[in-house]
Structures are given as C-alpha cells and as structure tokens.
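Results of the structural survey
Each chain is listed here by its residues.
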Amino acid sequence: MLVVFALILLAFVLFATERFPIDVTAILLMVLLMVLEPWTQITPREGISGFANPATITVLAMLILSTGINRTGIVQLFGRKMAAFAGDDRRKQLAATIGVTGPVSGIINNTPVVAILVPVIADLAHEGKTSPSKLLMPLSFASMLGGTLTLIGTSTNILASDIAAQIGAESPELGLQAFGMFEFTKLGVVVFAVGALYLMTVGVRLLPERVPVDEDLVEEYALQEYLADVVVPANSSLLGQTVEEALGDDELDIDVLQLIRNGERFSEPLARKEIYRSDTLRLRTNRETLERIMDAEGLALAGRPQTEGELHPDEEEPVLVEVVIPSGSFLVGETLSSSAFRQRYDANVLAFRTRGDVVRDRFEEIKVRVGDTLLVQAPPDSLTRLVQNEDFIVAHEFDEVTYRSEKIPFAVLIIAGVVALPALNVFPIVVSALAGVVAMVFTGVLKPNELYSSVEWNVIFLLAGVIPLGIALQQTGAAGVLGNAVASTAAFLPAIGVLWVFYLATGLLTSVISNNASVVLMIPVAASAAQSIGANAFAFVLAVTFAASTAFMTPVGYQTNLFVYGPGGYTFSDYIRVGAPLQLLLSVVTVLGIAFFWGVGA
C-alpha cells in the first residue's frame, strides 16, 4: 500500500506540474506499476489491460464518431442558426450558446464539440458586438454540464461506468454495475438547468470583458511596440542579400512579416526574397533589437502599424488569427523552432499566449502545451490548411472549408443507433460505438484514412495508463484504507454529508489533475467508504463521476477550459471567480439530487 500511495503522490505531482505531457505521465505510472509488481500486485497482463479495456475502446470509437459529425458540418450549421437567432442581443447570444452546446455535448463527446464551436462562438461575439470573453467560458461550462446528460457525453462517464462494473464484479454485495445510456439523465437535466440558470444570471455578471468588442488582435495583444516598418537605404549592407541571409539569424529574434516594394506587398514565403534599395520591411521584434539593427544597417523607421487595418490595408481576407493548440496536436511538447512551424505552414507567429501570459518576443524555444494560443499571420491559403488540420483550432470561421453536408442524414442515423442500441440493451456501448465507426466509413461520412487522425491518442494512452492504478488501489487494499479514513467522518456527519465531502474532494482534485485520473483514484475509495458506513455505493460513485465531469474552478481542470483560455483572454482568477460559486452550487444540487432520486442509505 505504501508503494501505491507513493505512486499516487508521484502521479499527483506530475499531473499538477505538467512536468511531462499527461499521457506520458500515465504510461510512466503503468510501467512503474509493472516493474514494482511484488509490491503493487500488478502483473504485466494487468498493467497493459487498459489498452483492451472497454472504456478505452469506447472512448476511441466516440472520438472517431465525433469527427464524423464534424466532417458533415452539422454542428457548424447549428452554430449559424444560433447566430441568426441571437443577433446582437447579448442575452440571446448567451442563451443560444448554452442551449446548443449542452444538448449536443450529451450526444457527442463534449471535448470535440467545444473545439468545433470555439470559432463559431468567437464569430458570433464579433458580429454581435460582444466581447468573446462573455461567451467562451460559458461555452466550455455548458459543454461540461451537457456531458452529464448521457453515458457518452464525456470520456469520464464511460471510464466511471467501467470502473463501477469492475468493482461490482469483485464485490457483488455493493450492487454496482455498468451505467446505462440514460442511467443518470434525470440528474443531468437538473444539473444542466441549474448551471444554465447560474450562467444566465450570476455568471454573466462575473464574466470579464477581457477581449475588446472590436477584436482588433494587434491592440488586444499589445503588439504596437513590437511591429515596425523600416526602409532600406542605398548604403545598407542588407542590399543584395536574401531576407533569410540578412535577418534570419535566430539570435536576432526578428520576423520579417512583409516586404513592400513600389507599392507591391510580398508576404510568405519571404526567405529567398532579395532585398533592394528603398524596400520597406515590416518587422516583428522588440524595441532593443530594432534599435540595434537600425543603427547597424542605417535603416530608417517608416512607422508602426497600430491596428489590424494598418497591418493589412489592402487585404480582404483575414490574415491574422488566433490558433489554439488542442489535445493530440503534434505541437504539444515541441517548440515553434523544433517543429519548423513557420516553414511548414508559411506562417509567422506574432505572439504566444500560455496559461494567461502573453509572450511577444523570444517564444520560439518555449515548449507548447495544450490550450496555448498562437497569434498567427499567414496568407489565406496557409490559414485554410491550418483550419483543415486536426492539430489546430482556428478561432475564426472560414468559408473555404468544405463539409460533407450531404452525409448529414447518415451521420444522424448512425449516432441515433449508437445511442439507442445500448439504451435498449441490444448491444453494449462498446459494440454499438465500434459498429457506428464502421457504418460511418461504409456510408462515406468518414474516409478510411481519417480514422487514425480522428483519435486523440494522448487521451487513449492516458486512459490505458491510469486504469492499472485503479486496479492497484483495489488489489493492495489502499482504496479500503482511504475509504475507511473518509468514512470516519460519519462519526459526526450523516451519510449525505460524507457524500458531499466526496464530491468536494473530487472537484478539488480534478482542478489540478486530469478528470479521468480523478475518477480512477476516487471511485474505488468512494465505493469502499460507502461499504464501510453501509451507504448506497452507487450514490457515492455517481457523486464522484459528476464532480470529475464538472471542473469549473481552474483552466487546467478540463480540456475544454484550456480551449477557450487564450481566445477568451482569461486569467486563472477568472475561472475561480466564475467557476467556484458554480462548483459549490452544483455540489449541493448534485448531492441533494442523488439523495432524492436514488437515496444515500445508512
């Protein structure tokens, strides 16, 4: 047990500090559990069992199904209808955001829903003269609330169902089994309704207006001091050199964004463009470097672009956009330099937002994390490539993107079948989900080569890595020890009070580590605690599941919070201010709802 507790502590530290990507941490734990088999009681077969676990396979299939829905453009269609309904009425915009996101997140895995809707909501805010920060956090929160409506709303529910089934098989007296498709929908509806009411009344007042309503990205990122137009004189040593030869030294930290010659503007690719006399170079660099290069080369300052309009006066297409890095992107763990981002996409990164901090110079060597936001300048064709790439979430909608709208009826029928078959006890969810994947390929909703790119492999490896930790908790008796410790609060608290303690503990834990890891750690403990005090084990498992699925208090508590962190211009404290009251409110509502619908016992 001491070894298992030590591994849990290690997991907590690594997840919280993000020293390594969460999937790497999970695999590290899996390996340590097998290496330390004499103490952890985890055999190699059990150690790798997470890869064949029904929860892992189901989540994999649901990610593919979500991509299929995305390819049809049906969610974007809902978004456009929503924008038409809302117009410039802020209350209608918020109601539409919550009203569309919640129900859709109950049917499609909520993480892809937010990834799809970030550009839709950002554009809705822009067109409706509303700050995006008033809508993007509610988008994330609504997706989490919607994820509580059905078994497939979030990977957390699927994993919790599987863990409950495993515990039920080992301890039949607890009466635990896999969740049904709509097992907790009635509670989910209550939680969603209360959460939506909070966001529409209290939450909207607490939400900041971090992003200017006009969304001028040059002003928002305060780039004015980092952008400059300089003219190349007749005596400059830069003459005759290519842009790369003259200013491509990484030590300089200079990006040449544009070359202007005789009124004609040249953008990417500029590296091999030769510099002539009287050329104007638009640079991104800090004041110190600019002054140094101007003194050395005799360059003359011609002005500083103050807005997007001045940055691109002749271009109709948007060429400056925010790009969010989602889970599973090849950029995660890389730097802009090591990934060759500029060369690969013919795009310049003007600023880098990470965990709320904006970095405007020397960011090429910063390791990219999930949720980081890049302010990217690129020609329209390069931006289209970014939009169509699963490695990025571009916070702006583009008309150039084509969807398989003719496949919408097939996609809807397939998802309906995936939901209905387990609900009617015809097939388990893992079978219906895999069948849905095959059906999407056969009907042309998805192409065969899109199956692998649709999967967020880091999520799969995270699940496969942490599942053995839950097994070790049960087999070594560690879960029982922790459960008894929490159950001791029953000496001065009623069973419903102990249930509330579990909800709060899970919510706090999920605020700093992965929600899936929280479920793996807390469900065995909750089941043991319920057994110790003679309470309803299902009630305790459900409290943990809901608490892990609704992590509002920090941007790192849930992936969807990270997706809106940058485009919303939020700070860490914004999540605490808006999310903490909601978390506390839902802790009471959820616990009372569980007691009302299922009873707590003892």
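In the block above lies the structure referred to throughout.
Residues numbered from 1 in each chain as written. Predicted model: local features only at pLDDT ≥ 70, side-chain atom pairs only at ≥ 80, totals over all residues. Heavy atoms only, no water.

1. Points about the overall build of the protein
A tally of helices and strands in the protein yields 27 helices and 10 strands. The C-alpha radius of gyration of the protein comes to 26 Å, within 12% of the 25 Å expected for a compact globule of 602 residues. Its C-alpha atoms give the protein principal-axis dimensions of roughly 90 × 55 × 50 Å. By residue count, 59% of the 602 residues in the protein fall in the buried class. (Helix = DSSP H or I, 4+ residues; strand = E, 2+ residues; numbered from the N terminus. Rg over C-alpha atoms; globule rule 2.2 N^0.38 Å. Buried < 20%, exposed > 50% of the residue type's maximum accessible area, 1.4 Å probe, protein only.)

2. Regarding unusual backbone geometry
At S278, a position not held by glycine, the phi torsion is positive, near 70°. Secondary-structure assignment places S278 in the loop between β3 (264-266) and β4 (280-284). Not every positive phi belongs to a glycine, and N425 is a case in point at roughly 60°.

3. Things to note about the pattern of salt bridges
All told, the structure shown has eight salt bridges when counted by the stated rule. R284 is the partner of E364 in a salt bridge, and the nearest nitrogen-oxygen pair spans 3.7 Å. Here E364, found in the loop between β8 (357-359) and β9 (373-377), pairs with R284, found in strand β4; they are 80 residues apart in sequence, far enough to count as distant. Taken individually, E364 and R284 each receive the classification buried, so the pair is uniform in this respect. (Salt bridge = Lys/Arg side-chain N within 4 Å of Asp/Glu carboxyl O.)

4. A few points about the sheet that holds strand β1 (residues 227-231)
In space, the five strands of this open sheet follow the order β3-β2-β4-β1-β5, with antiparallel pairing throughout. For this open sheet the edge positions go to β3 and β5 (300-303), each flanked by a neighbour on one side alone. Taken pair by pair, the neighbouring strands of this sheet meet at an average axis angle of 30°, ignoring direction. Across five bridges, the pairing between β1 and β4 is antiparallel. (Pairing = 2+ DSSP bridges. Axes fitted to C-alpha atoms, helices over the stretch in contact; angles between N-to-C directions.)

5. Focus: a nonpolar patch on the surface
The grouping of I48, F51, Y452, W457 and F461 at the surface amounts to a nonpolar patch, some 520 Å² of accessible area in total. Along the chain, F51 turns up in the loop between α4 (44-47) and α5 (54-72). (Patch = residues over 30% accessible without salt bridge, like charges linked within 9 Å, V, L, I, M, F, W, Y side chains within 5 Å. Areas by Shrake-Rupley, 256 points an atom, 1.4 Å probe, with all protein chains shown as cover.)

6. Overview of the packing of helix α24 (residues 515-533) against helix α25 (residues 537-549)
Following both chains from N to C, one finds α24 and α25 inclined at 155°, their axes separated by 8 Å at the closest point. On the basis of the axis angle, α24 is roughly antiparallel to α25. Two packed elements cross with a definite hand, and for α24 against α25 that hand is right-handed. Each of N515, V519, M522, I523, A526, A530 and I533 in α24 lies in contact with α25, whose residues at this interface are A537, F540, V541, V544, T545 and A548. When its residues are assigned to classes, the contact of α24 with α25 shows 11 nonpolar, two polar and no charged. (Parallel < 35°, antiparallel > 145°, perpendicular 65-115°, else oblique. Left-handed = near helix turned anticlockwise from the far one by under 90°. Contact = heavy atoms within 4.5 Å. Nonpolar A, V, L, I, M, F, W, Y, C, P; charged D, E, K, R; others polar.)

7. Here's the deal with helix α27 (residues 572-597)
The end-to-end C-alpha distance of α27 is 35 Å, a good match for the 38 Å that 26 residues give at a rise of 1.5 Å each. The axis of α27 is deflected most strongly, by about 35°, at G579, and proline P581 appears within four residues downstream. Phi for G599, located one or two positions after α27, is positive at around 80°. (Expected span 1.5 Å × (residues − 1). Bend = angle between axes of the 7 residues up to and from the residue.)

8. Quick notes on α5
Along an α-helix, a turn takes 3.6 residues, which lines up residues three or four apart on a common side. Counted at 1.5 Å a residue, the expected span for α5 with its 19 residues is 27 Å, and the 27 Å between its end C-alpha atoms agrees. Burial runs high along α5: 17 of the 19 residues are buried. Sitting at the amino-terminal end of α5 is N53, which places a side-chain oxygen 2.8 Å from the backbone nitrogen of A55. Downstream of α5 by one or two residues, G73 has phi in the positive range, about 80°. (Polar contact = N/O pair within 3.5 Å; in protein donor to acceptor, adjacent residues only side chain to side chain.)

9. Comments concerning the sheet that holds β8
Judged by pairing direction, the sheet is antiparallel, and its five strands sit side by side in the order β8-β7-β9-β6-β10 without closing on themselves. Taken across any chain shown, the strands that pair with only one partner, and hence form the sheet edges, are β8 and β10 (393-394). Bridge analysis of strand β6 (residues 320-324) against β9 gives five bridges, and the strand direction is antiparallel. Its bridge partner lying in β9, V323 is registered against L374.

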